Structure formats: C-alpha cells, structure tokens
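The primary structure of each chain is shown beneath.
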Amino acid sequence: MTTAILDLAMSPKKDQRESYLQPSRDGKKALLLWLPEDLHKKLKLAAVEDETSMQEVGERVFRDYLAKRAKRKD
C-alpha cells in the first residue's frame, strides 16, 4: 500500500493558479442572497413554470427595483 503525501509548499498559490471563468459569468459579480425556504421554493417553481432561470428572474427584479428607485429620485 502506498500513501500519497500532499506537499502544500509545492502547490501553486491562489493567485498563481489558472482560473477558468465560464463565459456566461464574464463581466458579472457573484451575490449571495439568503431567502426563507418557502420563498425560495415558490421562486424556483415560478421560474420553471415561466421557462426561465432564477438567475434571470433575479436580474429582472433588481433592474426593475433600480429603475423604480431612479424614477423616485427624479
């Protein structure tokens, strides 16, 4: 039986590793959002029924919010 030893000193540092960014994420930043379970479930079901993704729904909601906010400031 052989045992593999991981030499952490030999592994590349985080900034030296090659990173892969999915093309769909180019120009985007991650946002972690904690929702109550019931709201998450309803949102996911609504997205499936509307044949869209939760990502697209979220983007639409945030853009609508910012547009309404901009109108209030005028």
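Look a little higher up for the structure.
In this text the structure is predicted, and so the values were computed from the model without any measurement.

Student: An account of the overall build of the protein chain is requested, with residue identities and associated values reported.
Tutor: Across its full length, the protein chain holds 2 helices and 0 strands. Here the protein chain displays about 8100 Å² of accessible surface, and carbon together with sulfur accounts for 56% of that area.

Student: An account of the side chain of Thr52 is requested, with residue identities and associated values reported.
Tutor: Looking at the secondary structure, you find Thr52 in the loop between helix H1 (37-49) and helix H2 (54-73). The exposure class of Thr52 is buried, given its relative accessible area of 19%. Among the polar contacts made by the side chain of Thr52, one reaches the side chain of Glu56 at a distance of 2.3 Å. The contacts of Thr52, once residues within four sequence positions are left out, are Ala47, Val57 and Arg60.

Student: Tell me what's going on with the pattern of salt bridges, and back it up with residues and numbers.
Tutor: Taken as a whole, this structure holds 2 salt bridges when the rule is applied. Across the pair Lys28 and Glu59 runs a salt bridge, and its minimum N-O distance is 3.7 Å. You can see Lys28 sitting in the segment before H1 and its partner Glu59 sitting in helix H2, a full 31 residues away along the chain. Across the salt bridge formed by Arg63 and Glu59, the nearest N and O atoms sit 3.7 Å from each other. With a gap of 4 residues between them, Arg63 and Glu59 both fall in helix H2, about one helical turn apart.

Student: So what about a nonpolar patch on the surface? Which residues, and what values?
Tutor: On the surface, a nonpolar cluster with roughly 480 Å² of combined accessible area is contributed by Leu31, Leu33, Leu35, Leu39 and Phe62. Inspection of the secondary structure assignment puts Leu31 in the segment before H1.

Student: Before we move on, could you go through H1 and cite the residues and values that matter?
Tutor: Quick reminder: α-helices carry 3.6 residues per turn. Residues three or four places apart thus point the same way. The first and last C-alpha atoms of H1 sit 18 Å apart over 13 residues, in line with the 18 Å expected at 1.5 Å per residue. Once H1 ends, the next one or two residues include Glu51, with phi positive near 55 degrees.

Student: Lay out the environment of Gly58 with the relevant residues and their values.
Tutor: The residue Gly58 is located in helix H2 in this model. Through-space distance from the C-alpha of Gly58 to that of Leu43 is 9.5 Å; in sequence the pair is 15 residues apart.

Student: Any details on unusual backbone geometry? Residues and values, ideally.
Tutor: One non-glycine residue, Glu51, lies in the positive phi region at around 55 degrees. For Glu51, the position within the fold is in the loop between H1 and H2. For Glu51, a relative accessible area of 77% corresponds to the exposed category.

Conventions used here
Residues numbered from 1 in each chain as written. Predicted model: local features only at pLDDT ≥ 70, side-chain atom pairs only at ≥ 80, totals over all residues. Heavy atoms only, no water. Helix = DSSP H or I, 4+ residues; strand = E, 2+ residues; numbered from the N terminus. Areas by Shrake-Rupley, 256 points an atom, 1.4 Å probe, with all protein chains shown as cover. Buried < 20%, exposed > 50% of the residue type's maximum accessible area, 1.4 Å probe, protein only. Polar contact = N/O pair within 3.5 Å; in protein donor to acceptor, adjacent residues only side chain to side chain. Contact = heavy atoms within 4.5 Å. Salt bridge = Lys/Arg side-chain N within 4 Å of Asp/Glu carboxyl O. Patch = residues over 30% accessible without salt bridge, like charges linked within 9 Å, V, L, I, M, F, W, Y side chains within 5 Å. Expected span 1.5 Å × (residues − 1).

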